[in-house]
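Reading the structure
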Amino acid sequence: MEKTFREKIEPKIRAKNTRLKTCTFSKIHFGEKCPRINGVKVYTKEIDRRQVTMDLQICYIGDCEIHMEISRFKVGVKGIQLRGTLRVILEPLLTAVPFFGAVTLFFIQKPYLEINWAGLTNLLDAPGISFMSETIIQDLIAARLVLPNRITVPLHNNIDVSCLQFPVPCGVVRVYLLEAENLVQKDSFLGAIRGKSDPYAILRVGVVQFRSRTISRDLNPIWNEVYEFVVHELPGQDLEVDLYDEDPDKDDFLGSLLINLGDVMNDKLVDEWFPLSKTASGHLHLKLEWLSLVTDREKLREDKNGLATAILIVYLDSACNLPKNQFEYSNGEYGAKKFKGNKYLKQKMEREPSSYTQLTVGNKTQKSKTCSFRKDPVWGQAFTFFVHSAHSQSLHVEIKDDDRENALGTLVVSMSQVLKEPEMTLDQRFQLDHSSPDSFIKMKLVLRVLNIEKPDPLSVSSGVNALKQLPVPVAEKGGNQAKYFPPPKTEASKIPQVTKNSAVPEAEPVRKESNADLTAHENLAGPVKDTAADCIEPAGAQNLEPQPPATLHARILPAPSMPALQELGLAPSIGSLGSLPSSCFDLSRTNPDLHNGTNQVDVPLGEIHVTVRYASLRQSLIVMINGCRNLIQCSTRGIDPYVRIYLLPDKRWTGRKKTTVKKKTLNPQYDEKFEFFESLEDIRKRKLDIAVKNSRPFISHERKELGKVRIDLSKEDIIKGFSQWYELTMNGQSRQ
């Protein structure tokens with residue numbers, strides 16, 4: 001490392017500017033403390049079996065000292081702290097040593113960074129300046145090591161590094177930021193309107209971040225905005241949402257939300273009220289759509305609301321024979337500018353260019369890194385652009401000199417040209433316009449159509465006719481408290497329209513129901529029941545026609561009791577029935593036709609084998625679902641069992657775990673592991689709710705829940721662990 005600093009980094013700094021020619025590293029000491037790996041997670045599912053994928057929890061609290069002298073000034077660093085999750089991918093797997101062809105490294109999110117400066121750079125430790133300097137360095141790290149940027153090191157010959165370093169993204173998630181309610185009151189100081197907040201939201205996936213508009217003086221804000229994120233890595237990437245109260249000095253925190261995008265990809269469509277964490281109260285209404293990337297040109301249709309219909313992936317490789325001198329284009333000819341009498345400027349013009357590339361699609365422009373003093377620069381970067389009209393839009397490329405800010409060459413590629421190519425992929429050298437006759441740029445252009453995935457009708461809590469809804473909220477210690485929900489409305493509000501230019505939904509001119517109306521009916525709901533059968537009688541519901549997804553924008557909530565519904569003049573809808581997690585239904589009420597036509601309590605429902613232990617180093621509860629035996633045959637066509645797990649009292653969709661579905665068997669074998677990341681103290685207060693279910697068609701009347709078991713973790717030695725067979729019952733309680 002010291003050799004690298006003195007022989008490579010030092011000469012590059014000196015060549016950057018004439019004022020840095022005296023730059024010298026006076027002290028290079030990397031200290032006695034080495035980086036630490038706090039934990040390793042190896043993925044065994046949802047990944048390609050031809051690779052090894054693992055996450056390393058990196059922590060470096062270093063005592064390094066690096067001092068540098070420039071003229072008479074002394075600058076340096078005397079300590080660094082770095083924390084983050086580093087993903088390591090080993091692929092492709094080989095049959096001989098070293099057993100894999102390349103190593104790919106990247107941070108899933110920006111790592112935490114703190115620097116202690118020395119010498120003149122002590123000024124950077126000043127309040128305000130310290131945050132700004134560390135943010136700049138974090139951005140420099142993100143430009144190389146945070147998704148979608150990766151470092152790939154080949155370990156074997158004949159390995160195509162570009163395919164490993166720049167894979168096609170997993171898909172696109174479209175986030176509808178709709179509204180929030182019951183936010184915390186923050187503006188209570190003198191001169192402000194008491195009991196209000198000015199909320200705005202920050203949405204983030206990886207290094208891409210958007211900020212919503214601020215809604216003034218409202219604890220129940222309505223945004224109706226749409227954002228689109230490219231998802232590069234699953235499992236791994238999450239959607240982060242933070243809410244703040246805008247203030248003149250420092251914005252106050254109103255709550256946050258973290259959503260696993262892998263679950264969104266599996267469920268295709270999520271429309272739900274999410275409780276905010278790290279706050280006393282507040283819920284956020286989001287609608288999430290998963291869009292897959294396909295090469296079917298027939299699915300390419302212009303969106304009437306102005307949303308993206310495709311994405312363009314640009315793999316920027318290199319350029320060759322860029323001109324040294326600044327060229328100008330006039331009267332149809334190229335010619336070098338003359339600089340008579342200016343010796344310094346003439347010398348500057350004769351050296352090799354420090355070039356970067358500027359790429360533009362529509363109104364979005366992205367910039368590559370700068371390759372210093374090379375006429376044949378190699379960038380090796382990937383960029384993604386959302387495309388709204390593939391038949392009319394174009395990619396504009398401009399190569400510029402970083403020192404002189406003049407164009408070294410330009411290029412325009414029409415999307416329609418890429419559309420005609422096989423697999424909608426164009427990989428070639430392009431001759432540059434407004435440049436030397438032998439100047440070329442090498443790029444690979446990949447166009448993919450955004451296809452809106454339809455929800456799986458077999459999914460437990462998503463489907464065309466059953467939008468997700470939040471089960472009974474959990475009162476967290478020091479966090480968001482449980483609340484009761486109002487009854488469903490007779491009409492569902494339509495999805496807000498989106499303007500073509502902004503791609504942001506427009507609020508409806510007249511809102512049919514206000515938050516005040518919701519509050520007025522809140523007392524009719526009463527306490528939420530443990531089972532849906534206690535709340536709703538399903539008679540007659542099957543005759544109601546399900547609403548199409550576009551009209552199911554309103555929140556579908558646990559229904560009140562039948563007297564309350566009759567008082568309002570409302571009938572229970574199939575939407576409210578289907579949206580409830582099926583674990584909320586009582587076995588004895590949802591399907592009275594048990595095995596052999598009986599409904600006796602003592603009917604054996606089968607057994608499930610569970611292994612549980614607490615991993616102290618990982619701070620997580622590990623639950624292994626080994627298998628089931630002698631399950632009940634409740635269908636003439638056979639059953640397709642799977643297992644669903646909740647860590648009570650958390651019954652939110654985001655906290656649900658489930659196994660794969662085993663086809664046509666009464667003795668399924670799973671051997672699948674799940675983790676709940678909670679402290680040991682908290683785990684000892686919780687219960688495991690494990691249900692065995694039958695994956696049947698959504699509209700089927702076949703039995704859904706085959707049996708369940710509840711394990712009180714306060715009565716078990718979870719540090720030592722336990723593994724045993726449990727008898728399945730209707731209510732999860734052991735038979736007396």
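This structure is a prediction, so every number in the text was calculated from the model and none was measured. (Residues numbered from 1 in each chain as written. Predicted model: local features only at pLDDT ≥ 70, side-chain atom pairs only at ≥ 80, totals over all residues. Heavy atoms only, no water.)

What follows covers the overall build of the protein. Secondary structure assignment for the protein yields 12 helices and 36 strands. For the protein, with 736 residues in total, the buried portion stands at 48%. Sequence separation of at least 24 residues holds for 66% of the intrachain contacts in the protein that already meet a minimum separation of 6. When the accessible surface of the protein is split by element, carbon and sulfur atoms take 52% of a total near 37400 Å². (Helix = DSSP H or I, 4+ residues; strand = E, 2+ residues; numbered from the N terminus. Buried < 20%, exposed > 50% of the residue type's maximum accessible area, 1.4 Å probe, protein only. Contact = heavy atoms within 4.5 Å. Areas by Shrake-Rupley, 256 points an atom, 1.4 Å probe, with all protein chains shown as cover.)

A few words on the nonpolar core. Grouped together as the largest cluster of nonpolar side chains are 34 residues, with contacts concentrated most on Leu 312, Leu 359, Leu 395, Ile 441, Met 443, Leu 445 and Leu 447. Put simply, the parts of the chain that give this core at least two residues each are strand E17 (310–320), strand E20 (355–361), strand E22 (378–387), strand E23 (394–401), strand E24 (407–414), helix H6 (415–419), strand E25 (425–431) and strand E26 (440–452). Not counting residues up to four positions away in its chain, the partners in contact with Ile 441 are Leu 316, Ser 318, Ala 319, Trp 379, Val 397, Ile 399, Leu 411, Gln 428, Arg 429, Phe 430 and Leu 432. The next biggest cluster of nonpolar side chains, apart from the first, holds 32 residues, and it includes Ile 608, Leu 621, Ile 645 and Leu 706. (Core = buried A, V, L, I, M, F, W, Y, C linked by side-chain atoms within 4.5 Å.)

Okay, the sheet that holds E24 next. Reading across the sheet, the 4 strands line up as E21-E20-E23-E24 and stay open at both edges, with antiparallel pairing between neighbours. The sheet terminates laterally at strand E21 (364–367) and E24, the two strands that pair on one side only. The mean inter-strand angle of the sheet, taken between neighbouring strand axes irrespective of direction, is 15°. The pairing of E23 with E24 spans 7 bridges and is classified as antiparallel. Its bridge partner being in E24, Ile 399 is matched across the sheet by Gly 409. (Pairing = 2+ DSSP bridges. Axes fitted to C-alpha atoms, helices over the stretch in contact; angles between N-to-C directions.)

All right, on to the pattern of salt bridges then. Pairing of side chains with opposite charge becomes possible as their charged atoms draw close. All told, the structure shown has 23 salt bridges when counted by the stated rule. Here Glu 225 ties to Arg 213 by a salt bridge, and the two come within 2.9 Å at their closest N and O atoms. Taken together, the residues span a long stretch of sequence, with Glu 225 in strand E12 (residues 222–231) and Arg 213 in the loop between strand E11 (208–211) and E12 at a distance of 12 residues. Here Asp 682 ties to Arg 686 by a salt bridge, and the two come within 2.6 Å at their closest N and O atoms. The class for Asp 682 is partly exposed, based on a relative accessible area of 24%. By relative accessible area, which is 10% here, Arg 686 ends up buried. A single salt-bridge network, built from bridges that share partners, covers Asp 55, Arg 87, Arg 150 and Glu 233. (Salt bridge = Lys/Arg side-chain N within 4 Å of Asp/Glu carboxyl O.)

Next up on the list: a nonpolar patch on the surface. A cluster of nonpolar side chains, namely Ile 37, Val 40 and Val 42, defines an oily patch on the protein surface of about 250 Å² accessible area. By secondary structure assignment, the location of Val 40 is in strand E2 (residues 36–42). Residue classification places Val 40 among the partly exposed positions, given a relative accessible area of 42%. (Patch = residues over 30% accessible without salt bridge, like charges linked within 9 Å, V, L, I, M, F, W, Y side chains within 5 Å.)

Where burial is concerned, most of strand E3 (residues 52–62) is hidden: 8 out of the 11 residues are buried. In this sheet, E3 lies alongside E2 in antiparallel orientation, the contact comprising 6 bridges. Note that in E3 the partner of Lys 41 across the bridge is Asp 55. As defined by bridge partners, E3 adjoins strand E5 (residues 73–93) across 11 bridges and the pair is classed as antiparallel. Residue pairing across strands places Thr 53 opposite Ile 89, the latter belonging to E5.

Moving on, we come to the environment of Leu 617. Among the structural elements, Leu 617 can be located in the loop between strand E29 (607–615) and strand E30 (620–629). Through-space distance from the C-alpha of Leu 617 to that of Gly 39 is 7.7 Å; in sequence the pair is 578 residues apart.

Now for the sheet that holds strand E14 (residues 252–260). Here 4 strands make up an open sheet; going across it, the order is E11-E10-E13-E14 and the pairing antiparallel. On the outer flanks of this sheet lie E11 and E14, each paired with one strand and no other. Geometrically, the sheet is characterised by an average inter-axis angle of 15° between neighbouring strands, direction not taken into account. Relative to E14, strand E13 (residues 238–245) is paired through 8 bridges, and the arrangement is antiparallel. Counted as the bridge partner of Asp 242 is Ser 256 from E14.

The next subject is the side chain of Ser 355. Structurally, Ser 355 is set in strand E20. Non-local contacts of Ser 355, meaning those with residues more than four positions away in its chain, are made with Leu 322, Lys 369, Thr 370, Cys 371, Arg 374, Pro 377, Trp 379, Ile 399, Lys 400, Asp 401 and Leu 408.

Next up on the list: the packing of aromatic side chains. Throughout the structure, instances matching the rule amount to 5 aromatic pairs. Each ring, one from Phe 166 and one from Tyr 315, has its centre 5.8 Å from the other, and the planes form 45°; the classification is tilted. With a gap of 149 residues between them, Phe 166 in the loop between helix H3 (161–165) and strand E9 (171–181) and Tyr 315 in strand E17 connect regions that are remote in the sequence. In terms of burial, Phe 166 and Tyr 315 fall into one category: buried. Ring centres of Tyr 200 and Tyr 244 lie 5.8 Å apart, and the angle between their planes is 25°; this geometry places the pair in the stacked category. With Tyr 200 in strand E10 (residues 199–205) and Tyr 244 in strand E13, this residue pair connects regions lying 44 residues apart in the sequence. Residue classification places Tyr 200 among the buried positions, given a relative accessible area of 5%. The cationic tip of Arg 150 hangs over the ring face of Phe 106; the distance from NZ or CZ to the ring centre is 4.6 Å. A cation over a ring is seen here: Arg 429 above Phe 440, with NZ or CZ 4.4 Å from the ring centre. (Phe/Tyr/Trp six-rings, centres within 6.5 Å; stacked < 30°, edge-to-face > 60°. Lys NZ or Arg CZ within 6 Å of the ring centre and 35° of its normal.)

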